[in-house]
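Given next are the chains, with one letter for each unit.
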Amino acid sequence: MLAEQLKKSILQAAIQGKLTDQRKEDGNAQDLYNQIQEEKQKLIKEKKIKKEKPLPEIAADEIPFEIPENWMWVRLEDVGLLQTGITPSKAHSEFYGNEIPFVGPGDIFENYRLNYHKNGLSSEGLKHARVIAENSVMQVCIGGSIGKAVINDREVTCNQQINTITPYFIETKYIFYCMISRYFVSSLRMKAGGSATPIINKTKWAMMLVPLPPLAEQKRIVENLNKLLPLCEA
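Here goes a summary of the coordinates provided.

What counts and what doesn't
- Residues numbered from 1 in each chain as written.
- Predicted model: local features only at pLDDT ≥ 70, side-chain atom pairs only at ≥ 80, totals over all residues.
- Heavy atoms only, no water.
- Buried < 20%, exposed > 50% of the residue type's maximum accessible area, 1.4 Å probe, protein only.
- Helix = DSSP H or I, 4+ residues; strand = E, 2+ residues; numbered from the N terminus.
- Pairing = 2+ DSSP bridges.
- Disulfide = S-S within 2.5 Å.
- Axes fitted to C-alpha atoms, helices over the stretch in contact; angles between N-to-C directions.

For the rest of this paragraph, the subject is the pairing of strand E5 (residues 137-140). Every second residue of E5 is oriented toward a common face, with Val 137 and Gln 139 on one face and Met 138 and Val 140 on the other, all of them buried. For E5 and strand E8 (residues 162-167), the ladder comprises four bridges, and the chain directions are antiparallel. Looking across to E8, one finds that Val 140 is bridged to Ile 162.

What follows is the structure in structure tokens.
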């Protein structure tokens, strides 16, 4: 319990900019954000992604805590491709096989590992699924394990109980650390409601706020957390 509390405190400090120094040579997050938006427009023109509805501006009362001046608050959809999984019809056994892993919430473990071998789809089933690119963050969006997350190290498919983000021009591990932080998970659960089966759809998930540092500082944050978090277990 103590180790878990310490990990949460370290993660929270990291995403508030308290574990790293801010350096002028890093530039600012606005430049990175502009680069991401240019890339998204390019992909839309190439018809590789669909045009999204404009997101509402971030209101002052939405901001949960202070961040360094050269950082900025963004919505999750601002910085990556968001997808939700699809389950091919179970009535067609030919849709299931060993062509590509098919992941459900039970395949995402508490130690941030992913079971790739329990279920899979065939090449035919793949036509009725949604491929999640390697190095995406996958997060459970329903039930008691809502907020549980992992980074996939290969292409996978998943069911509709998992939302995913494939980031543009930013450190996937940084976004992952944001998404398992105390702030993000508690916000997620609050937005999911207090019903017997809490759920957060992709639209609400897309609106979640994350603090965005310059890329160089993201790398330093990840480097620090990769060193500190394993020490909590010890």
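Structure shown, so let's carry the discussion forward.
In this section: the state of the cysteines. Counted by the stated rule, this structure contains zero disulfides. Unpaired in this structure, Cys 158 has its nearest cysteine sulfur neighbour in Cys 141, at a distance of 8.7 Å.

Attention now moves to unusual backbone geometry. In the Ramachandran plot, Tyr 112 falls in the positive-phi region, its phi being about 65° despite a non-glycine side chain. Relative to the assigned elements, Tyr 112 resides in the loop between strand E3 (96-103) and strand E4 (120-121). Phi at Phe 169 takes a positive value of approximately 60°, unusual for a residue other than glycine. Relative to the helices and strands, Phe 169 resides in the loop between E8 and helix H4 (172-179). Relative accessible area serves as the criterion here: at 37%, Phe 169 is assigned to the partly exposed category.

Taken in spatial order, the four strands line up as E2-E8-E5-E6 in an open sheet, and their pairing is antiparallel. Each edge of the open sheet is held by one strand with a lone partner, namely strand E2 (80-84) and strand E6 (149-151). On average, each strand axis in the sheet is tilted by 20° relative to the strand beside it, whichever way the strands run.

Everything listed here is a matter of coordinates, which is why it stays silent on function.
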